[in-house]
Amino acid sequence: MIELRNLSKQFTTIDGPVEALKHINLTVQDGDIYGIIGMSGAGKSTLVRCINMLEKPTEGSVLMDGRDMGTLSEKELRQARRQITMIFQGFNLLMQRTCLKNVMLPLRFGGTDRNAAEKKAKELLELVGLPDKANSYPAQLSGGQQQRVAIARALATEPKVLLCDEATSALDPKTTHAILDLIREINKKLGITVIVITHQMSVVQEICNRVAILEHGTVVEEGTVTEVFANPRAQATRNLINPADTDNDSVFPEGGQRIRVIFNGAIASREPLIAKMAVDCNILASILGASTRSVGDKAYGYILLDIPGTPEELAKAVSYLSKTPDVTVQVEAEYAAKEGKE
């Protein structure tokens, strides 16, 4: 288990001190695939570097299985870091070495003899699906293949924790999906705890069981992916979930009643939910905006609706739509504010 307790990090610049992290408190359980998400400058990379103590926190502590990483000697810290390995957006492979030798590298640094290191490296290349690339050089591989080699190298020391720092940001969607599948398989097969640092909510949705939203160095929301996606409380979370959304009054009809229908893994159906509501309840909703996508047979995203008529008809629509499994309905704040003034 990893615990971050009151973790803060301050940097000194020519313009004065900068607080990169402010009083972070998080717990990552063994076996989690835990997402830490935020926009550029939120403090994600600083946070991940504090977890493995490449950056020493200004305040607070990082505990690994109850052991305070900040109290370790340099030798103890080097040993501890073998249990917390990283993969990066840029892969960080040595281009002058073959894939096999890249994977062997941490083993050789750790004192493993050449034959044993080679045997282990070949097993790891097999695990990531690249047994035929042992003698190839990174430049001969695609981006997805290079990341697989980087994952194999990260697994060489048999870590307890794998840190993924924007590990799929440089990859196309199809390759990203394949890499996330591999990480999920490794998590399940080897029991490795995974911490995913990303700015992409789609990555969190696909692979993580818990997520923390970081904004300006502060955790503004934390919970299961299902809870956070279904009922985002912080504006930063809503911005990440619905990047195409807008609060422009031009899309909010005068006197209208706006609701957001959020799909959080609802089973996709051939029968349109909004059309069905029109038939069953005689409520003709106008679609103001939408951002939905399917993962397998499940739907994620939202539809923004204007419900004409009286507040009673609004309540009827909310009640009807809320009965659908894995669907959450929210009355938009703008409407609630207008109702309160009347």
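This text goes with the structure placed above it.
Remember, it's a predicted structure, so these values are computed and weren't measured experimentally.

A few points about the sheet that holds strand β2 (residues 16-28)
Then, number 1: Ordered in space as β2-β1-β4-β5, the four strands form an open sheet in which the pairing is antiparallel. Edge positions in the open sheet fall to β2 and β5 (67-68), since each of these has one partner strand only.
Then, number 2: Pairing geometry for strand β1 (residues 2-13) and β2, over nine bridges, is antiparallel. Among the inter-strand pairings, Gln10 is bridged to a residue of β2, identified as Glu19.

Remarks on unusual backbone geometry
Then, number 1: Phi at Phe91 takes a positive value of approximately 70°, unusual for a residue other than glycine.
Then, number 2: Mapped onto the fold, Phe91 is located in the loop between β6 (84-88) and α3 (99-109).
Then, number 3: For Phe91, a relative accessible area of 11% translates into the label buried.
Then, number 4: Phi at Asn92 takes a positive value of approximately 55°, unusual for a residue other than glycine.
Then, number 5: With respect to the helices and strands, the residue Asn92 is situated in the loop between β6 and α3.
Then, number 6: Of the residues examined, Asn92 reaches a relative accessible area of 44% and is grouped as partly exposed.

Digging into the side chain of Ser8
Then, number 1: Position of Ser8 among the secondary structure elements: in strand β1.
Then, number 2: Here the side chain of Ser8 touches His23 through a polar contact of 2.9 Å, landing on its backbone nitrogen.
Then, number 3: In this structure Ser8 touches Leu21, Lys22, His23, Pro57, Thr58 and Glu59, once residues within four positions along its chain are discounted.

Notes on the nonpolar core
Then, number 1: One finds Ile87, Leu125, Val149, Ile151, Ile183, Met201 and Ile213 to be the most contacted residues of the largest nonpolar core, which totals 54 residues.
Then, number 2: Those residues within four positions of Val149 in sequence are excluded, and the remaining contacts are Leu93, Cys99, Asn102, Val103, Leu125, Leu130 and Leu141.
Then, number 3: The next biggest cluster of nonpolar side chains, apart from the first, holds 29 residues, and it includes Ile36, Val48, Leu163 and Leu214.

Thoughts on the pairing of strand β11 (residues 258-267)
A regular strand places its side chains so that they alternate between the two faces of the sheet.
Then, number 1: Burial of β11 is extensive: nine of the ten residues sit out of reach of the surface.
Then, number 2: As paired strands, β11 and strand β14 (residues 327-331) are joined by five bridges and run antiparallel to one another. Note that in β14 the partner of Ile262 across the bridge is Thr328.

Considerations on the pattern of salt bridges
Then, number 1: For the structure on display, the rule yields 13 salt bridges.
Then, number 2: Notably, a salt bridge pairs Arg67 with Glu76, separated by 3.9 Å at the nearest N-O pair.
Then, number 3: Here Lys120 ties to Glu158 by a salt bridge, and the two come within 3.2 Å at their closest N and O atoms. Highlighted residues: Lys120 in helix α4 (residues 114-127) and Glu158 in the loop between α5 (143-154) and β7 (161-165), separated in sequence by 38 residues.
Then, number 4: Put simply, Lys9, Arg49 and Glu55 are held in one network by salt bridges that share partners.

Reading guide: rules and limits
Residues numbered from 1 in each chain as written. Predicted model: local features only at pLDDT ≥ 70, side-chain atom pairs only at ≥ 80, totals over all residues. Heavy atoms only, no water. Pairing = 2+ DSSP bridges. Helix = DSSP H or I, 4+ residues; strand = E, 2+ residues; numbered from the N terminus. Buried < 20%, exposed > 50% of the residue type's maximum accessible area, 1.4 Å probe, protein only. Polar contact = N/O pair within 3.5 Å; in protein donor to acceptor, adjacent residues only side chain to side chain. Contact = heavy atoms within 4.5 Å. Core = buried A, V, L, I, M, F, W, Y, C linked by side-chain atoms within 4.5 Å. Salt bridge = Lys/Arg side-chain N within 4 Å of Asp/Glu carboxyl O.

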